[in-house]
Amino acid sequence: MGAAMRRIHVGNALSAFGLGFTVPFLYVYVAQVRGLGSMTAGVVLAVFAVAALVVLPFAGRAIVRRGPLPVLLVALVTASLGALSLGLADSATTVVLSAATLGAGQAVMSPALATMIVDCSSADTRSRAFATQFFLQNLGLGVGGLIGGHIVDTSRASSFTLLFSIEAAMFLLLVVIMSTVRLPHTPKVEGAPQARVGSWKQLLGNRAMVQLSVLGFVLFFACYGQFESGLSAYGVEAAGISTSALGTAMAANTAMIVVAQFAVLKFVERRKRSRVIAAVGLIWAVAWLTAGYAGLGHGSQTTATAAFVSTYALFGLGEAMLSPTVAPLVADLAPAGMAGQYNSAFALVKQLALAVGPAVGGPMGASLHGPYVVTFLLFSLGITYLAIRLGRQLTPVQNQPWLARSRVVAQGGVPAEPVRAAA
């Protein structure tokens, strides 16, 4: 990795650290520490998703026109202001406005950092770069939650103020670090009015990108959208899983990603991306069958707990396979200079899935145990079907980037740029 890529990965790790540092404690902070009640706390959590949905369509356009680095710096300053004001807020209005500011800033960081990875990587190194990003994000989330949990004290509001102040300072530190990044020159879309109108039309005209977006929605809806809502509710209500066992299951998910990420990377790098995603659908189908056994089987509580923990571990294995596959594919589908637009569009799809997933899965997981498992088992099989269908829309090099390198090496030449899909 070059110096620029190292700094970008530091940015990914620290931004994830900030998310894990405070978000797990938002509900307790708003509802109990500030005494604003569960209704206001629920609104605050929803505001994060709403803020992301509002700003992401504009973030893609800004990244295309201005470049990812200036957009990232603005997002970091915005998130810092939101975090600091949230730590000082003591009324429902100020809490909601602060959460919206923090959520908007954090939402824009993701496509901006992803676009910087695209700018600083080649077709040969992109899968590994995104795998490293995913590894560091999970590490940052875990470490942030661990440290934050030892700082907060529900009997002292000042401990939460300290928590949010540290997060705000961290974002400002990240501004300083990222300001030193020197990105290689990338082509910009000429003519602001045409880019403003045509970029979304161009994206929607790319059949492969549209199909990947549909597939991405199902991926995030059936997995990430269930982790802390439907699946955890199902585990507690149907399988009788204790809160400590639920924490163990989440830790098993993170541990699987940390342990398996780079071993999995070697496995998937030379295989067709569509087939890797299809395999993830099958793995997650097994995960849902295992969850069904945990909640609907007739074994002992120990067996049910082990099955439930295994469910989260299987999800982690699938996530490790997706990280070097989906994000690089988004970049390879983007025409020159449009990576920011495509990354923001895919981030928007992700946020929609994460907003809808808990709303659908939460009530089902808590009360409709059998239908819940069957529904998401079918969604997982749907991932396999959609991935195979997507493979028919991809060029050979988009589906298997290693082909371009192997062909050039066989001819004794220099690696060529990957073929772009027609937009």
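Cut-off values and rules
- The numbers attached to residues start from 1 for each chain and follow its sequence in the written order.
- Only residues with pLDDT of 70 or above have their local features reported here, since the model is predicted, and side-chain atom pairs are shown and tallied only from 80 upward, although totals for entire chains, interfaces and linings are computed over all residues.
- Note that the side-chain values use all heavy atoms of the structure and ignore hydrogens as well as water.
- Only DSSP runs of H or I reaching four residues or more are called helices, and only runs of E reaching two or more are called strands; each is numbered from the N terminus.
- Values of the radius of gyration come from C-alpha atoms, whereas the globule rule sets the reference at 2.2 Å times the count of residues to the power 0.38.
- Burial classification: accessible surface area is computed with a 1.4 Å probe over protein chains only, and a residue below 20% of its type maximum counts as buried, one above 50% as exposed, and the rest as partly exposed.
- Here, residues are in contact when the closest pair of their heavy atoms is within 4.5 Å.
- Each accessible area is a Shrake-Rupley result for a 1.4 Å probe, and residues are judged covered by the shown protein chains and nothing else.
- Under this rule, positive means Lys or Arg and negative means Asp or Glu; His and the chain ends count for nothing.
- Taken as the charge centre is NZ of Lys, CZ of Arg, CG of Asp or CD of Glu, depending on the residue.
- Each polar contact in these results corresponds to two N or O atoms within 3.5 Å; when the atoms are within protein, one needs to be able to donate a hydrogen and the other to accept it, and residues that are neighboring in sequence are counted only if both atoms are side-chain atoms.
- Any Lys or Arg side-chain nitrogen found within 4 Å of a carboxyl oxygen on Asp or Glu counts as a salt bridge.
- Fitting a line to C-alpha atoms yields each axis, with helices limited to the stretch in contact; the angle taken between N-to-C directions then spans 0 to 180 degrees.
- Angle categories are assigned with fixed cut-offs, so that under 35 degrees is roughly parallel, over 145 is roughly antiparallel, 65 to 115 is roughly perpendicular, and the rest are oblique.
- Each residue gets one of three labels, nonpolar for Ala, Val, Leu, Ile, Met, Phe, Trp, Tyr, Cys and Pro, charged for Asp, Glu, Lys and Arg, and polar for the others, Gly among them.
- Definition of nonpolar core: a set of buried residues of the types Ala, Val, Leu, Ile, Met, Phe, Trp, Tyr and Cys, connected through side-chain atoms within 4.5 Å.
- Two helices cross in a left-handed way if the nearer one is turned anticlockwise from the farther one by less than a right angle. They cross in a right-handed way if the turn is clockwise.

### Some thoughts on the overall build of the chain
Phase 1: The number of helices and strands found in the chain is 18 helices and zero strands.
Phase 2: Here the C-alpha radius of gyration of the chain, 21 Å, is about what a compact globule of 423 residues would show, namely 22 Å.
Phase 3: Over its C-alpha atoms, taken along the principal directions, the chain stretches across nearly 65 × 50 × 35 Å.
Phase 4: Scored against the burial criterion, the 423 residues of the chain give a buried share of 52%.
Phase 5: In the chain, of all internal contacts separated by at least 6 residues, the share reaching a separation of at least 24 is 84%.
Phase 6: With an accessible surface of roughly 17500 Å², the chain has 67% of that area assigned to carbon and sulfur atoms.
Phase 7: When the 26 basic and 12 acidic side-chain charges of the chain are each reduced to a single mean position, those positions are 11 Å apart.

### Side note on the side chain of Thr-384
Phase 1: With respect to the helices, strands and loops of the structure, Thr-384 is situated in helix α16 (residues 369-391).
Phase 2: Taking the relative accessible area as the measure of exposure, Thr-384 reaches 12% and is therefore buried.
Phase 3: A distance of 3.4 Å separates the side chain of Thr-384 from the backbone nitrogen of Leu-282, its partner in a polar contact.
Phase 4: Excluding its chain neighbours within four sequence positions, the residues that come into contact with Thr-384 are Ala-278, Gly-281 and Leu-282.

### Some thoughts on the pattern of salt bridges
Phase 1: Here the structure, examined in full by the defined rule, presents three salt bridges.
Phase 2: A salt bridge links Asp-332 to Arg-126; the nearest nitrogen and oxygen atoms lie 2.8 Å apart. With a gap of 206 residues between them, Asp-332 in helix α14 (residues 326-333) and Arg-126 in helix α6 (residues 126-151) connect regions that are remote in the sequence. A single burial state applies to Asp-332 and to Arg-126, both of which are buried.

### So, the packing of helix α12 (residues 273-296) against α16
Phase 1: In the contact formed by α12 and α16, the axes pass within 7 Å of each other and the chain directions differ by 170 degrees. When the interaxial angle is binned, α12 and α16 end up roughly antiparallel.
Phase 2: A breakdown of the residues in the contact of α12 with α16 according to their chemical character gives 16 nonpolar, eight polar and no charged.

### Quick word on the nonpolar core
Grouped burial of nonpolar side chains is what soluble globular proteins tend to show.
Phase 1: If you look at the biggest cluster of nonpolar residues, it comprises 65 residues, and the most contacted ones within it are Leu-212, Leu-215, Leu-231, Trp-284 and Phe-308.
Phase 2: Listing elements by their share of this core, those giving two or more residues are α9 (207-227), α10 (230-237), α11 (243-268), α12, α13 (301-322), α14, α15 (339-367) and α16.
Phase 3: In this structure, Leu-215 is in contact with Ile-277, Ile-383, Leu-386, Ala-387 and Leu-390, ignoring residues within four places of it in sequence.
Phase 4: Counting residues in hydrophobic clusters, the runner-up holds 52 residues, among them Ala-4, Val-33, Val-181 and Ala-339.

### What to know about the side chain of Thr-40
Phase 1: Relative to the assigned elements, Thr-40 resides in helix α3 (residues 37-66).
Phase 2: According to the relative accessible area criterion, Thr-40 is buried, its value standing at 15%.
Phase 3: What Thr-40 contacts, discounting residues up to four positions off in sequence, is Val-30 and Ala-92.

### A short note on the packing of α3 against helix α5 (residues 92-119)
Phase 1: Two numbers describe how α3 lies on α5: the axes approach to 7 Å, and their chain directions differ by 40 degrees. When the axis of α3 is compared with that of α5, the two are oblique. Here the hand of the crossing between α3 and α5 comes out right-handed.
Phase 2: Counted by class, the contact of α3 with α5 contains 21 nonpolar, four polar and no charged residues.

### What about the environment of Leu-14?
Phase 1: Mapped onto the elements of the fold, Leu-14 is located in helix α1 (residues 3-22).
Phase 2: As a C-alpha pair, Leu-14 and Gly-316 span 302 residues in sequence and 21 Å in three-dimensional space.
Phase 3: Not counting residues up to four positions away in its chain, the partners in contact with Leu-14 are Met-170, Leu-174 and Ile-177.

### Considerations on the environment of Leu-88
Phase 1: Position of Leu-88 relative to the elements: it lies in helix α4 (residues 68-88).
Phase 2: Note: C-alpha distance between Leu-88 and Leu-162 (74 residues apart in sequence) is 9.6 Å.

### Section: α10
Phase 1: Counted residue by residue, α10 has six buried out of eight residues, so it is predominantly covered.
Phase 2: Every buried residue of α10 is accounted for by Gly-230, Leu-231, Ser-232, Ala-233, Tyr-234 and Gly-235.

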